[in-house]
Amino acid sequence: MTRIPVVENIMSANDQIAAENRARLDAAGVYALNVMASPGAGKTALIEETVKRLAGRLRLGVIEGDLATSLDAERTEAAGAVSVQINTGGNCHLEGWMVRDALARLPLADLDLVIVENVGNLVCPSGWALGTHRRVLVASVPEGDDKPYKYPTMYHGVDTLVINKIDLLPYVTFDMERFRRGVETLNPGLTTFALSCRTGDGLDAWVTWLAEQVAVYRAERAEAAR
Amino acid sequence: MHELPVTQSILNIVVRHAEQAGAARITDIRLVIGQLSSIVDDSVQFYWDMIAAGTIAEGARLHFQRVPAQMQCQACGAAFALAASADFACPQCGSSDVRVTGGEEFYVESIDVETA
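Residues numbered from 1 in each chain as written. Chains lettered and ligands numbered in written order. Predicted model: local features only at pLDDT ≥ 70, side-chain atom pairs only at ≥ 80, totals over all residues. Heavy atoms only, no water.

Chemist: Break down unusual backbone geometry for me, with residues and values.
Modeler: Of note in the backbone geometry, valine 7 of chain A takes a positive phi value of approximately 45 degrees without being a glycine. With respect to the helices and strands, the residue valine 7 of chain A is situated in strand β1 (residues 2-9). A positive phi is found at phenylalanine 88 of chain B, a non-glycine position, where the angle reads about 65 degrees. Within the secondary structure, phenylalanine 88 of chain B sits in the loop between β4 (79-81) and β5 (98-102). Accessibility expressed as a relative area gives 3% for phenylalanine 88 of chain B, which makes it buried. (Helix = DSSP H or I, 4+ residues; strand = E, 2+ residues; numbered from the N terminus. Buried < 20%, exposed > 50% of the residue type's maximum accessible area, 1.4 Å probe, protein only.)

Encoded structure:
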């Protein structure tokens, strides 16, 4: 019997594909987001509202991960983004290879920003890198203020947090202080936006910030290319 | 459930390392899994028995070393496990100024093989 040291990350194959996706995006100068949330938090609504507000300024692509339908892609296409659908066929999350195939179907040379909508799930998507530049979590008020405590992996692993449906705060039990305390423990200093896709409250700050991220990214790419 | 692709990934990794070493059979596999990596041991074992069949890893024993999600209190310095506290508050001083310091491990540590 011989012992062989391995010390290899179990996700290494996916991570490799994610790195290839990132290289492909960077070669085209396209900034990309991985939007994750529980079902019903408002991922599609946020993407829809974001596309509507940015469509005149940026060229947008959307990759929709959905279990079986193309409803979400139809919504984001109508809002003004080139949209492709990945039907995961029951898979609970997107994986690097699915996004690789979807990127091949997008006209990357003609885009500035690609938004990937992951499958609605607060567990599995956090484990699979896609190659995007930012991981955005959409939380929503009706889900309850205990979610950071119940899904620490997801809250620990994202770069930006959007708290949606703040128009419902007067009607549901949601202790914003408790929610934010849990987030701060898991992800100190996390960039956070509180908004409502229904009323539009807070959306401008989010969209302005996102456009800035794209501008900074493009400036960095241009600098690197010189 | 994402245990199936994870189990497939473990199989790919161990077979590659075993073949590089010229091994004929894998008998044991040690996995280090942090609490923040959402994987159910029993599920991995279940899929393992199916997908490892017919490979040099068939019948290999999976050993899961679980690493708890460690927290550290920024106020008093106490270290404690994530599950041990309500709302992540420090069990020693009650402060909510705590940070996650571990639990993201997710790798194949080593394998035991027979060479002939």
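Chemist: Any chance you could break down the nonpolar core for me, citing the residues and the numbers?
Modeler: The biggest cluster of nonpolar side chains holds 30 residues, and the ones touching the most others in it are Leu33, Leu46, Leu54, Leu113, Leu195 and Trp206 of chain A. A total of eight residues in this core trace back to one element, the largest contributor, which is helix α8 (residues 203-225) of chain A. Contacts of leucine 46 of chain A, omitting those with residues within four sequence positions, involve Val138, Val162, Leu195, Cys197, Leu203 and Trp206 of chain A. Counting 29 residues, the second largest nonpolar core, distinct from the first, contains Ile4 and Ile10 of chain A together with Ala23 and Ile51 of chain B. (Core = buried A, V, L, I, M, F, W, Y, C linked by side-chain atoms within 4.5 Å. Contact = heavy atoms within 4.5 Å.)

Chemist: Lay out the sheet that holds β5 of chain B with the relevant residues and their values.
Modeler: What links the strands of a sheet is backbone hydrogen bonding, and the strands pair in either a parallel or an antiparallel sense. All names here are of chain B. Judged by pairing direction, the sheet is antiparallel, and its three strands sit side by side in the order β4-β3-β5 without closing on themselves. Single-partner strands in this sheet number two, and they are β4 and β5. The average angle at which neighbouring strand axes cross in this sheet is 35 degrees, direction not considered. As paired strands, strand β3 (residues 70-73) and β5 are joined by four bridges and run antiparallel to one another. Each bridged residue has a counterpart across the sheet, and for methionine 71 the counterpart in β5 is valine 100. (Pairing = 2+ DSSP bridges. Axes fitted to C-alpha atoms, helices over the stretch in contact; angles between N-to-C directions.)

Chemist: Would you mind going over the pairing of strand β3 (residues 60-66) of chain A in detail, with residue names and values included?
Modeler: Residue and element names in this part refer to chain A. Of all the seven residues making up β3, seven are buried; the element is thus mostly covered by neighbouring parts of the structure. Two elements, β3 and strand β5 (residues 113-117), share five bridges in a ladder whose sense is parallel. In the sheet register, leucine 60 faces β5, and the bridge partner there is leucine 113. Here β3 pairs with strand β4 (residues 82-87) via six bridges, running parallel. Bridge pairing in β4 places valine 62 opposite serine 83.

Chemist: Please give an account of the sheet that holds β1 of chain A that cites residues and values.
Modeler: Taken in spatial order, the four strands line up as β1(A)-β6(B)-β1(B)-β2(B) in an open sheet, and their pairing is mixed. Two strands lie at the open edges of the sheet, namely β1 of chain A together with β2 (61-67) of chain B, each paired on one side alone. Averaged over all pairs of adjacent strands, the angle between strand axes in this sheet comes to 20 degrees, irrespective of strand direction. As judged from the eight bridges shared by strand β1 (residues 25-34) of chain B and strand β6 (residues 106-114) of chain B, these two strands associate in the antiparallel manner. Following the sheet pairing, isoleucine 29 of chain B is matched in β6 of chain B by isoleucine 111 of chain B.

Chemist: Tell me what's going on with the packing of aromatic side chains, and back it up with residues and numbers.
Modeler: Inspection of the entire model under this criterion finds eight aromatic pairs over all chains. Ring geometry for phenylalanine 193 of chain A and tryptophan 206 of chain A: centres 5.7 Å apart, planes at 75 degrees, overall edge-to-face. On the criterion of sequence distance, the pair formed by phenylalanine 193 of chain A in strand β8 (residues 191-194) and tryptophan 206 of chain A in helix α8 is long-range, its members being 13 residues apart. By relative accessible area, which is 10% here, phenylalanine 193 of chain A ends up buried. Using a relative accessible area of 2% as the deciding quantity, one classes tryptophan 206 of chain A as buried. Seen from their ring centres, phenylalanine 46 of chain B and tyrosine 47 of chain B are 5.5 Å apart, and the 65 degrees between their planes marks the pair as edge-to-face. The exposure class assigned to phenylalanine 46 of chain B is exposed, which follows from its relative accessible area of 51%. The buried category is assigned to tyrosine 47 of chain B, whose relative accessible area is 18%. Of the aromatic side chains, those joined through ring pairs into one cluster are Tyr155, Phe174 and Phe179 of chain A. (Phe/Tyr/Trp six-rings, centres within 6.5 Å; stacked < 30°, edge-to-face > 60°.)

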